[in-house]
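Below are the chains, spelled out letter by letter.
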Amino acid sequence: MLNPTTPLSEKYRPKKFSEIKNQEVAIDKIKAFVSGFNKGISQKKAVLLYGPAGTGKTTLAHVLSQELNHEIFELNSSDLRNRSKLDEVLKPSTQQHSLFSKGKVILVDEVDGVTTTDYGGLPELIVLIERTKFPIIITCNDIWQNKFSLLRSKCEMIPIKEIPYPSILEYLKEISKKENKIVNENALKEIAAKSRGDLRAALNDLQSIIYSEETEIMQQEIDLREKAQDIFNALREVFKTRIHKKTIEAYDSVEMEIDQIALWLEENIPSEYRGVELAKAFEAMSRADIFKGRIYRQQHWRFMLYQNFFLTAGISAAKGNKSLPDRFTKYNPPKRILKIWMINQKNAKKKSISGKLAELTHTSKKRAQKDFNILALITDDNTKRQMNLSEEESEYLAEKRQEVVLSLGKLSA
Amino acid sequence: MVGELSIWTERYRPNKFEEVFGQDEIIKRVKNLTNSLNLPHMMFAGPAGTGKSTLAIIVAKELFKEYWKENYLELNASDARGIDVIRQEVKNFARTKSLGSVPFKIIFLDEADALTREAQQALRRTMENYTGTCRFILSCNYSSKIIDPIQSRCVIFRFRLLEKKEMEKIVKKIAEKEKLNIDEKATQMLYEGSEGDCRRAINLLQATSSISPIITEEIINILLSNAKPKDIRVVLDYALSGDFLKAREKLLDIMLKESTAGTDIIKSIQKEVWNLDIDPELKVKLTEKTGEVEFRLVEGSDEFVQLESLLASFVLAGLGVKN
């Protein structure tokens, strides 16, 4: 059984070079770099893997360490600011370096987050590269920012390409087979196309489809699911990614009304945020709703801008200036509207019965509805005849009566 | 034809002025007006279950005798969908002449304060148009919610809540006829539980009797607590313990089950905050937040989202308590 919190992208992360598709050039380059480094003939002490998200940069580093039987030492941007941690990476290993110890590589993952300021860590990274006795692997999405110019000059640059559509489709087929799931080929194709070379996103989408197929799906939800792929991506973007310039465009490619998107957000905020983050996110929801109210009452459509702002940036900022761990979260379609509709269906009988009771007892439908539980007890066959109840209404009333009597029994017991 | 009436509020509804308990002054005056056949438009203002509908029906019965049903139209403003429906019904009813010797018919518009001010303006014109053939009796809980032009066209009668003694007389009379066994304490509980609303008291009495012929304080109490939505406290407790999902699920259930409006929910939250077992300083903060959300309910469009944001604040407060 698949554990819902283990992302497929984690479960099937390649362990050997042979399992990685379409990155042969990059694999050769990185192998050559490490062996060159170890022989002491390498020009550079670090290699920079750069390219779009979900193309396997981190995977490549891990597979390399495994295939070469090297120990891997991971540093994130906050570690770079931590003197003692840095010293630990550099010193003890140099001292312990012996004939019997394994080789070692240092991985600095997702360097995008570091800045050049005092709090940054970029200068420390440069120092690290100068002093290291071990090959360093750095990964980065957008390496062409100005702040990275010095870093670029210190590293051997290896581009990692987007994974082409056919390879993604191949991965999806293989993995759904390994998971023993039969997924419609068209759905797989659609996922592959939408991923635009991002294998992780494709696998996350696959996972959400596999799940929804396991639960009972109501007719309404099937329609929703067709649009779900876009909304899943948008929700991930807003909830998980660190807030950035394009955050406010997160819903641009989602074919859904903004109000509908708000319902998706409302449903899924608690699966991503807790405590302060939860409160902040709902504060953003509340503010967006106030603007929505003003749009409706004053037809002031410009306010949609603010509604969208709070639903994108407002919610994204709830987690502060950071990204969430890349853990698979299953997003659910909004349940509230469906629930209201179902209760209204159910209450339709209560309403019509209350109306008839109200007429008979010179009162209002509302008041009869309020005291329905008491009235259900006193409505006998004779009264039912006078009320001219339909068979269904009669049944409903009997059920309610039974319910009330039972609950009374429980209370008095 | 209507057979024996099984619902006690109807079976024991007074048919004559003399049978009414309480509201003595009003009864006397309305009786005089009715007998003189010089009936003005009237407004019956007062709480629920104090005899407003009853008195309107008695007026009709006294005036029209066996034809009362043909000459009497009862409408409920809180049920009728908009003033247009009311106008149409009034028009159809007023088109034909009254049967018998009385030159007008009676229209009883219950819960008139449920109408918006605009609807009341329209009603005022309708009243003017049909003054020749119809007399209106309006009932409302608060006369202040009725626009002045309508008030000035009516003789206003203010009904008060039934006193304990009056309620006791009514309960005793019904208990005797229905051969019920009821003691002093149970009668007291009926009075307290119904808060002077006679309809509610009689309904409670009948509901209790459908469970046991011996009416006890205990059964009445259980029925009463069963009818009240007390669960707001449960919602707040879930939120304070950090379980946002359960809190919002329960809240939605409460709102949907009894079709409670967000504004009513926030009132009970506001009352409940003071009873919570938390630091007084937190109570002040949460009350402030509650007030803010009550304000936003009016400004916003989705009551539930606003209430969810309040629940999230309670979750946060809950964390504060633990730390």
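Structure: see above.
> Looking at this structure, I do not really get the interface of chain A and chain B. What am I missing?
If you look at the interface, chain A gives 49 residues, while chain B gives 58 residues. Summed over both sides, the interface between chain A and chain B buries roughly 4,600 Å², with carbon and sulfur atoms accounting for 54% of that surface. Area buried by chain A at its contact with chain B is led by H362(A), I374(A) and I378(A), which between them contribute 15% of it. Here D302(B) ties to R336(A) by a salt bridge, and the two come within 2.7 Å at their closest N and O atoms. Across the contact surface, chain A and chain B share 20 residue pairs in polar contact (both at pLDDT 80 or more). Contributions of two or more residues to the side of chain A that touches chain B are made by α12 (258-272), α13 (275-298), α15 (336-360), α16 (365-370), α17 (372-378), α18 (381-387) and α19 (391-412) of chain A. The biggest single contributor to the side of chain A that touches chain B is α13(A), with 15 residues. Classifying every residue of the side of chain A that touches chain B by side-chain character gives 18 nonpolar, 15 polar and 16 charged.

> Explanation requested: the pattern of salt bridges in the structure shown.
Once their charged atoms are close, side chains differing in charge can pair, the charge on each being opposite to the other. Enumeration according to the criterion identifies 36 salt bridges over all chains in this entry. K335(A) is the partner of E267(A) in a salt bridge, and the nearest nitrogen-oxygen pair spans 3.0 Å. A residue pair is termed long-range when its members are at least 10 positions apart, and E267(A) in helix α12 and K335(A) in the loop between α14 (304-316) and α15 qualify at 68 residues. Overall, the relative accessible area of 13% leaves E267(A) in the buried class. The shortest N-O distance in the salt bridge between K267(B) and D264(B) comes to 3.8 Å. In this pair, K267(B) and D264(B) both sit in helix α13 (residues 262-273), three residues apart, roughly one turn of the helix. One connected set of salt bridges, linked through shared partners, spans E283(A), R287(A), K289(B), E292(B) and R296(B).

> What is the right way to look at the sheet that holds strand β5 (residues 154-158) of chain B in this model?
For sheets, the rule is that strands pair by backbone hydrogen bonds, running either parallel or antiparallel. Residue and element names in this part refer to chain B. Spatial ordering of the open sheet is given by β2-β3-β4-β1-β5, a layout of five strands whose pairing is parallel. The sheet is open, and its two edges are formed by β2 (72-76) and β5, each paired on a single side. Neighbouring strand axes in the sheet, compared pairwise and without regard to direction, differ in orientation by 15° on average. Across five bridges, strand β1 (residues 41-45) lies against β5 in parallel orientation. Counted as the bridge partner of A45 is R158 from β5.

> What's the story with a negative patch on the surface in this structure? I'm lost.
Residue and element names in this part refer to chain B. Taken together, the side chains of D183, E184, E192, E217 and E218 make up a negatively charged region of the molecular surface. For the negative patch, the elements supplying multiple residues, two or more each, are α8 (184-194) and α10 (217-227). Secondary-structure assignment places E192 in helix α8. For E192, a relative accessible area of 44% translates into the label partly exposed.

> Hey, could you run me through unusual backbone geometry in this one?
The phi torsion of most residues other than glycine is negative, and most of the peptide bonds are trans. Even without glycine at this site, N22(A) takes up a positive phi of about 70°. Tracing the backbone through its elements, the reader meets N22(A) in the loop between α1 (8-11) and α2 (24-39). Note on N22(A): relative accessible area 26%, which makes it partly exposed. One non-glycine residue, E195(B), lies in positive phi territory at about 50°. With respect to the helices, strands and loops of the structure, E195(B) is situated in the loop between α8 and α9 (198-211).

Procedures and definitions
Residues numbered from 1 in each chain as written. Chains lettered and ligands numbered in written order. Predicted model: local features only at pLDDT ≥ 70, side-chain atom pairs only at ≥ 80, totals over all residues. Heavy atoms only, no water. Contact = heavy atoms within 4.5 Å. Buried area = accessible area lost by both parts, 1.4 Å probe. Salt bridge = Lys/Arg side-chain N within 4 Å of Asp/Glu carboxyl O. Polar contact = N/O pair within 3.5 Å; in protein donor to acceptor, adjacent residues only side chain to side chain. Helix = DSSP H or I, 4+ residues; strand = E, 2+ residues; numbered from the N terminus. Nonpolar A, V, L, I, M, F, W, Y, C, P; charged D, E, K, R; others polar. Buried < 20%, exposed > 50% of the residue type's maximum accessible area, 1.4 Å probe, protein only. Pairing = 2+ DSSP bridges. Axes fitted to C-alpha atoms, helices over the stretch in contact; angles between N-to-C directions. Patch = residues over 30% accessible without salt bridge, like charges linked within 9 Å, V, L, I, M, F, W, Y side chains within 5 Å. Areas by Shrake-Rupley, 256 points an atom, 1.4 Å probe, with all protein chains shown as cover. Lys, Arg positive; Asp, Glu negative; His and termini not counted. Charge placed at Lys NZ, Arg CZ, Asp CG, Glu CD.

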